[in-house]
Structures are given as structure tokens and as C-alpha cells.
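If you want the building blocks of each chain, they are given just below.
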Amino acid sequence: MIQQVVRRAGTALAVLFVVGAAQAQVGPGIQWTKDGYSYLRVQQDSVVQLDAREPAKARTVISKKQLIPAGQTAPLEVSRFALSEDGKLALLNTNTKKVWRFDTRGDYWVYNMATQELTQLGKGRPASSLMFAKFSPDGNKVAYVSERNLYVENLADHRITPLTTDGTDRLINGTFDWVYEEELNCRDGFRWSPDGQQLAYWQLDATKTRNYLMLNNTDALYPFTVPVEYPVVGEDPSRARIGVVPVAGGATKWMDIPGDAVQHYLPRMEWADKDALIVQQLNRRQNQSKLILCTAATGAAKTIYSETDKAWIEAKDDAEGWNWYNKGKSFLWVSEKDGWRHLYSMDRSGKQKLLTPGNYDVISLTSINEAAGTIYFMASPTNATQTYLYQVPLKGGKATRVTPAALAGSHRYDISPNGKIALHNYSSSTSFPVADVVTLPAHQRVSGGEIPERAKTMKMPKTEFFQVKTSEGITLDGWMVKPTNFDPAKKYPIVFMVYSEPAGQTVVDRFGASSNFLYQGSMADDGYIYASLDNRGTPAPRGREFRKAIYQNIGNLNIRDQALGAQEVLKNAFVDTSRVAVWGWSGGGSTTLNLLFQYPQIYKTGISIAAVDNQLNYDNIYQERYMGLLPEDKHYFVDNSPLAHAKKLRGNLLLVHGTGDDNVHYNNAEQMINELVKHNKTFQLMAYPNRTHSISEGEGTSVHLASTFTKFLKANCPPGGR
């Protein structure tokens, strides 16, 4: 996914990631107690339980001393943990290492609450090689992946049973290849059956996927290559299939999912009950989604629902879990088929009912409170830059806002299992992030809400939100930060920050969204106007047509929207149209190049970081989803890439790229260099050896990048009013 890179300088995101016993996530979360009023986390090297209503009262569940293995002196550094269903055992993930984006491999230990015994799992396996360890439903076993094979370990005698033995670096059991992880958010690739007798798992065969060879010139005397299985546009995906294997060992029963196992994607799978799986299947073009029930014992598959779209259909939001209710007879599903992103109730025969009618988008499903007959979800019907909690009856109907009207901005909720209480986070462009605990649905604060002392004296940018209507009649959201000592009689340079692709919005009303994080100092204090616009194609909650107008038009429609929106902004008398700069990272880097090349009369200076210069270079899942398939749609990729327009460069350009970028490879920058040289277009280049897409590795890198950014901007788009 070509994402906008956001850094929080000086912030250590060292929060323990807590997961439920049934799943092993990679991101932050909360493990709630069964009554729904308490949760567990790591605090000061111990595992503690806190009452959400009185979080100051922490009860130690596993002490620092109890985390010291026998024969050692230091406690385990726990990255994430889970409790067994009965709460008698804790599964601790330590010594973690990154697999591309997240630290999803490491060591696992089991702590027995009664005996206080600490035992390492997977003995004999390589260090830091275990992935996604999960307790069985009865807590007697743990399953995990190691070196692309599945294992089950019996906790009574720690006997390890291999369930697969054919795993290699290209035949992948229980986890995923690079592109499934990057573009479909797939990492944890196996599931316990509800009765604990079987495991369902994905197998990906990437043996025909060509290696992308990155060159490391600096970490050894002789250069060496770093291979990544990376399918570019037009290359076949890995063969994907789903199987069920007994936990005692034996043959895998493969599900008989219809179609070509190569020319499809299987982004989501869960157990529907102890005898059946439910699977989402997307075709290669990703414009048809099927929900399929599979019989575990026989592999028989039955499609219960199918939907098509003229553009694309997303995979189910959550990579793990399925939103069942009504004793497992029904589940919630999201569809845009009526032009808006809505929740539907669906039964096992595929019969469905619209639950959230109206001209608004459901941003995400938050929880189902079946006892109260309520669904909670995030939405913002009247302001696409904000996010609020709404509720609707489980039987469907009119949605009502739960977040108080006085709290304008962006909100997140982690709702407890009883549906009566939630951990709530809130911020806005003018409000420092606040965490508290609220009751539901009344939204009464019961604890928290304190603003940190440092926030009380923090200088925050004065962000002004606005809308512009382009000459084509398209309304775009935007924000602007004016110079600190703004004088409307003067003209100031303007810097646009862009992203513009379907992977993210830039115009959001939350803390830090308008921060000039790459600029050394304050743009406002130095006399810049800093601004951003969200064009059609960004994932704003403004309806299907707004989001999917970009289909087969990345590099065209989004660029035109940005340029025409900028023209409206530049009509303000205080903007100096001779000093207009634009910058972006990743997809925003591509946008920067296209704006600078296609609209040189508007944009005079551009800083492009980690850009896709040729859309044919990028991975198949992302780029084909939005642009089509080869060979019939090749012209969309070619004609709309920055490379096709490089000869029109007139302004000042700085290209920045990491040579170790496994996401947007450095060959993008080299192809652009060749094209600019061919047409005698001068520019500046900053290549960072072996840095990845974040350009953050290595001593001094972040500071140097900021210095380079700032110096180039000041030299070519001087600050200050005139």
C-alpha cells in the first residue's frame, strides 16, 4: 500500500499490545475481562489488571520477578500477551523481530498462574522464529508458525506436533507473502476450530513469483543482493488455498473453492462453526467479491453471496474475526452497492437486510451489543474530516450520534464486551489527544480526561478548515495554516502537502494533521502558508462516487482535482503565486511529480519522497485494484505515471529515495533520473543507502532528511511576506 508516512518525533510507541486468547494481532489492543469492566496491560515490567472506571487501582497479575526465567536475572520484555479462556495461563510474546512492517516473529513463553511456572515454547526451533501463537479453546495446547510451517504444542508434556512439513521461503503455511501482508493486511494465517480439534490455515505458493533484488552496497566489503518475492503489475499472484488439518496431525483437507487458485485472492477466512468455514474471495481484478461457506470435513464449497462493482471492492475491514450474532445464524457485512458504505445483516443463505439506510458512509463497525439490540459504528455524515460514534438498532433504522456534539474532531473507541463502557480517545486540530473512560450510550465520563502538563504550554498550529469548489464543480475539503504574524496586505508563499490516493486522507480534524513534521522549525513562524486538499479518490466518507471516481485515473483525475483546487486557493490575495511549492511521500511523492510536471504554471517547486514514478513498477494487488489488468489496461498505467510527463518539468525538483525500499523500489527513482537526463531537465537528488520506505534507519537519517527538505524549500521557495 502506497501510504503517507507520518512520524511522531520523540514519541516512543511503547504501549503493550494486548490480544484476546483467540487471536494474535500485531497492533495495539486491549484484553478485557469477561465482565467488561477491567482490562489487562503491561505496566512497569509487570502484567497488571485495571478497572476501567478506576484505572489508578491496578492489581498485579504477573509481577516483574515472576517474569524472570529460571537461571536468568532479567525479566522477559513482553511485547504482547494473551490469557487462556479460563485465565489460568498467560501466553507471553518476547524477543520480537520485524517481518517487513511489524514485529510478528519472536519467542513465546507460557506462565502458569497457579504454579508460577514460566516455560518457553518451541524448544528446538530457531530463536525469534515463532509467529502468531494462540491457545486452543480449552487452553491445553498452543499452535504457532515457525519457518513457514504449522506446529501444535501440548502444554502437559510440551510434545510438539508438526502439522505441515513442506514449508519453504516460497511455500508458505500459516502466514503470507510480502504483497498479501502489505496490501490485504494479512499476517496471522491460521485459526483454531471452535472445538479445538482442527486448524484452518492459508497456504501461499510463491515459487513462481520473481525475486526483486535490492542491492546492499554498504554493509559488507562486497555488495550483495537482498531478495524479496515481489509481484509487480501484470505478474501472477501467489497461488492461494485454504486447508483444514487435525491438531493430532494428518493430511490436510483442501477447500474446493471455485475458480483459478492463482487468479484470485482469499483475503479473509474464519470458522463459521466447528464444521464449516466462511471465506471471502476476490477475483484478480478485485471487482467481484464472493462469500463462500466451506464444509471442513469434505472441502465442499457453496457461494452464499456475490457482489460486483464497476471499480473495485475492498476486503473485509478486519483481518481477524467475523461479526456473528443471533447465535451464529447471522453476521454483519459492509457494502457500497447503493452508493454509500452501509452495514447489512446477512444470514447463512445470503439473505440480507440494510441496517443503516441514508446518504452517509459507515466508516467502520465498532461493536455489536446484542443484549441491548444495538450496533455501534463510526461515521461523520456532515463533515468528512471528522469521526464520531453512532448507534443503530440491531434490527436496523435511523442512526443516532453517541459522541457529544461539543466534542468536535476525531474519536476512537474500544468498547468493552458488555457494551456499557468504552476506552475513548479524542483529539482535534486544536485539542491535544485525551484518553478517558465513558459509559455507553450516555457517554458520561467516569475516569481519565486529564491533559498532560506539556500540552498546556504546547504551541499548536492554528489550522483553518475550508472547502473550495473547482471549475469543474467538485467540492474539496482543505486545511490551511497561515503565517504566525499574518498580514492580509502581504503575499506569502504556500506549501501544499499532498497524498491523493485511495490509501489515505490528509484533511482530517485531528491533532498533528497539519504539523510540518519534516520542516526544521515552524513554517508558520517563518512566514509560509501550509495547506492540504483531499481530492476525489481519497477514502473520505463522502460516498462511493467520490471515492471510486479515481478508478483507472490515478495520476490523472486526482492530479486535476488537486491542481484545480489549488487554483481556487491561489485566488486569495495573500497568496504569492510565484512561490508555490508541493511535497509528498510515497503516493504523495508520485502526486508531487505529476503536479510539478503537468501543471508547471501553478507549482514552481516540488519535493518528492519515495515516489512510484512508473505505475508498472508497483505491486499487483494495489495497482491493479485501482488501475486494471494487463494487457488491456496498460495504457492507464503508462499514460498516468509521472515518468510519462517528466519532459515537461520547468520548476525546481528534489527527488528523495531509499535504496533499500522494499515497498517502492529504488528503480523508480533511477527510471525518473534517466528520463529527466534524457530531456536535459536539471534537478537535485538525495539517495539514502539501504534505507527503507520510511527513510528512518541509520544514525542521523531523520535529522538529515529534515535538513535537506528545509534547505531546499527555503532556497527555492523563500519564506516570508512581501
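Residues numbered from 1 in each chain as written. Predicted model: local features only at pLDDT ≥ 70, side-chain atom pairs only at ≥ 80, totals over all residues. Heavy atoms only, no water.

Below, the discussion takes up the UniProt feature "domain: Dipeptidylpeptidase IV N-terminal" (unreviewed entry) in the protein. UniProt records the feature "domain: Dipeptidylpeptidase IV N-terminal" (unreviewed entry) for residues 84-430 in the present numbering. Secondary structure within residues 84-430 divides into 2% helix and 49% strand; the distance between the first and last C-alpha atoms comes to 42 Å. (UniProt positions renumbered as here; feature names shortened; annotations may be inferred. Helix = DSSP H or I, 4+ residues; strand = E, 2+ residues; numbered from the N terminus.)

Turning our attention to the environment of Y222. As for its position among the elements, Y222 is in the loop between β17 (211-216) and β18 (224-229). Separated by 440 residues in sequence, Y222 and D662 have C-alpha atoms that sit 21 Å apart.

Before going further, it helps to examine the domain arrangement of the protein. By convention, interface size is frequently given as the accessible area that disappears when the constituent parts associate. For the protein, the assigned domains read domain 1 (16-162), domain 2 (165-319) and domain 3 (460-716). Distance between the C-alpha centres of domain 2 and domain 3: 33 Å. Counting residues at the interface gives 32 residues for domain 2, matched by 32 residues for domain 3. For the domain 2 and domain 3 pair, buried surface summed over both sides reaches about 2,700 Å², with 51% attributable to carbon and sulfur atoms. Interface area lost by domain 2 to domain 3 is led by V233, R285 and W312, which between them contribute 31%. Counting across the interface, domain 2 meets domain 3 through five salt bridges. A salt bridge links D309 to K548, with the shortest nitrogen-to-oxygen separation between them at 3.3 Å. Only α1 (178-184) and β17 provide two or more residues apiece to the side of domain 2 that touches domain 3. Among the elements that make up the side of domain 2 that touches domain 3, the one with the highest residue count is α1 (six residues). Of the residues belonging to the side of domain 2 that touches domain 3, the class tally is 17 nonpolar, five polar and 10 charged. (Domains from an automatic or database assignment. Contact = heavy atoms within 4.5 Å. Buried area = accessible area lost by both parts, 1.4 Å probe. Salt bridge = Lys/Arg side-chain N within 4 Å of Asp/Glu carboxyl O. Nonpolar A, V, L, I, M, F, W, Y, C, P; charged D, E, K, R; others polar.)

Now for the packing of aromatic side chains. Across all of its chains, the model carries 27 aromatic pairs by this definition. Note on F432 and F511: the rings are 5.0 Å apart at their centroids and 65 degrees apart in plane angle, and the pair reads as edge-to-face. One end of the pair, F432, is in strand β35 (residues 431-439); the other, F511, is in the loop between β39 (492-497) and α3 (523-526), and 79 residues separate them in sequence. Members of the aromatic cluster, connected to one another through ring pairs, are W178, Y212, Y230, W312, Y551, Y618, Y622 and Y626. (Phe/Tyr/Trp six-rings, centres within 6.5 Å; stacked < 30°, edge-to-face > 60°.)

Taken across its six residues, strand β4 (residues 46-51) has six buried, putting it largely inside the fold. Burial along β4 is two-sided: S46, V48 and L50 and V47, Q49 and D51, pointing in opposite directions, are all buried. With six bridges joining them, strand β3 (residues 38-43) and β4 adopt antiparallel strand pairing. In the strand pairing of β4, Y39 is matched with L50. Linkage of β3 to β4, two consecutive antiparallel strands, is achieved through a turn of two residues, within which Q44 is found at a positive phi near 55 degrees. Here five bridges tie β4 to strand β5 (residues 54-62), and the two strands are oriented antiparallel to one another. Looking across to β5, one finds that V47 is bridged to I62. Here β4 hands over to β5 after two residues, the two strands then running antiparallel side by side. (Buried < 20%, exposed > 50% of the residue type's maximum accessible area, 1.4 Å probe, protein only. Pairing = 2+ DSSP bridges.)

What follows is about the nonpolar core. Among the nonpolar cores identified, the biggest contains 47 residues, and Y180, I242, I257, L266 and L277 are the most heavily contacted of them. Formed jointly, this core draws a minimum of three residues from each of two domains, domain 2 (165-319) and domain 3 (460-716). Apart from the residues lying within four places of it in its own chain, the contact partners of I257 are I242, H264, L266, V279, Q281, I292, C294 and A301. By size, the runner-up hydrophobic cluster in this structure holds 38 residues, among which are I474, L476, F496 and V569. (Core = buried A, V, L, I, M, F, W, Y, C linked by side-chain atoms within 4.5 Å.)

To summarise the sheet geometry, strands pair through backbone hydrogen bonds and adopt either a parallel or an antiparallel arrangement. One open sheet accounts for four strands, arranged β25-β26-β27-β28; its pairing is antiparallel. At either margin of the open sheet sits one strand with a lone partner, and together these are β25 (324-325) and β28 (352-354). With six bridges connecting them, strand β26 (residues 330-335) and strand β27 (residues 342-347) associate as antiparallel partners. Its bridge partner lying in β27, F331 is registered against M346.

Before going further, it helps to examine helix α10 (residues 701-716). The end-to-end C-alpha distance of α10, which contains 16 residues, comes to 23 Å, matching closely the 22 Å that a straight helix rising 1.5 Å per residue would cover. When we look at burial in α10, the residues that qualify are T701, L705, A706, T708, F709, T710, F712 and L713. In this structure, the buried residues of α10 make contact with β39, α3, β41 (575-585), β42 (605-609), β43 (652-658) and β44 (684-688). (Expected span 1.5 Å × (residues − 1).)

Right, let's talk about the sheet that holds strand β23 (residues 288-295) for a bit. One open sheet holds the four strands; their spatial order is β21-β22-β23-β24, and the pairing between them is antiparallel. Only two strands of the sheet have a single neighbouring strand rather than two, namely β21 (264-273) and β24 (301-308). Along the sheet, successive strands turn relative to each other by an average axial angle of 20 degrees, direction set aside. Inspection of the sheet shows β21 paired to strand β22 (residues 276-283) by seven bridges, in the antiparallel sense. When the sheet's bridge partners are listed, R268 is paired in β22 with Q280. (Axes fitted to C-alpha atoms, helices over the stretch in contact; angles between N-to-C directions.)

Now for the environment of Q505. Structurally, Q505 can be placed in the loop between β39 and α3. Classification of Q505 by relative accessible area gives buried; the value is 17%. Taking the C-alpha atoms as reference, Q505 lies 24 Å from G521; in sequence the two are 16 residues apart. Of note is the side chain of Q505, whose polar atom sits 3.2 Å from the backbone oxygen of A384. (Polar contact = N/O pair within 3.5 Å; in protein donor to acceptor, adjacent residues only side chain to side chain.)

Below, the discussion takes up the pairing of strand β29 (residues 362-369). Taken together, the six bridges between β29 and strand β30 (residues 374-379) define a ladder with antiparallel strand orientation. By the bridge assignment, L365 is partnered in β30 with F377. Hairpin connection of β29 to β30: four residues between the antiparallel strands, including G373 at a positive phi of 70 degrees.

The predicted model of the protein has a mean per-residue pLDDT of 93, with 96% of residues at 70 or higher. Scored below 50 in pLDDT, residues 2-28 makes 77 contacts in the model with residues more than four places away or belonging to other chains. (pLDDT = per-residue confidence, 0-100.)

So, on to the environment of G606. Positionally, G606 belongs in strand β42. A C-alpha to C-alpha distance of 16 Å links G606 and R560, two positions 46 residues apart in sequence. G606 has contacts with V582, T592, L596, N652, L653, L654 and F712, leaving out every residue within four places of it along the chain.

Here we come to helix α9 (residues 667-678). Given 3.6 residues per turn, any residue in an α-helix points the same way as the ones three and four places further on. Across its 12 residues, α9 extends 16 Å between first and last C-alpha, which sits within 8% of the 16 Å expected from 1.5 Å per residue. Of all the residues in α9, the buried ones are N668, A669, M672, I673, E675 and L676. Seen along its axis, α9 keeps its buried residues to an arc of 170 degrees; they face one direction. Exposed and oriented more than 90 degrees from the buried face of α9 are N674, V677 and K678. Immediately beyond the C-terminal end of α9, within one or two residues, lies N680, with a positive phi of roughly 55 degrees. (Arc of directions from axis to C-beta.)

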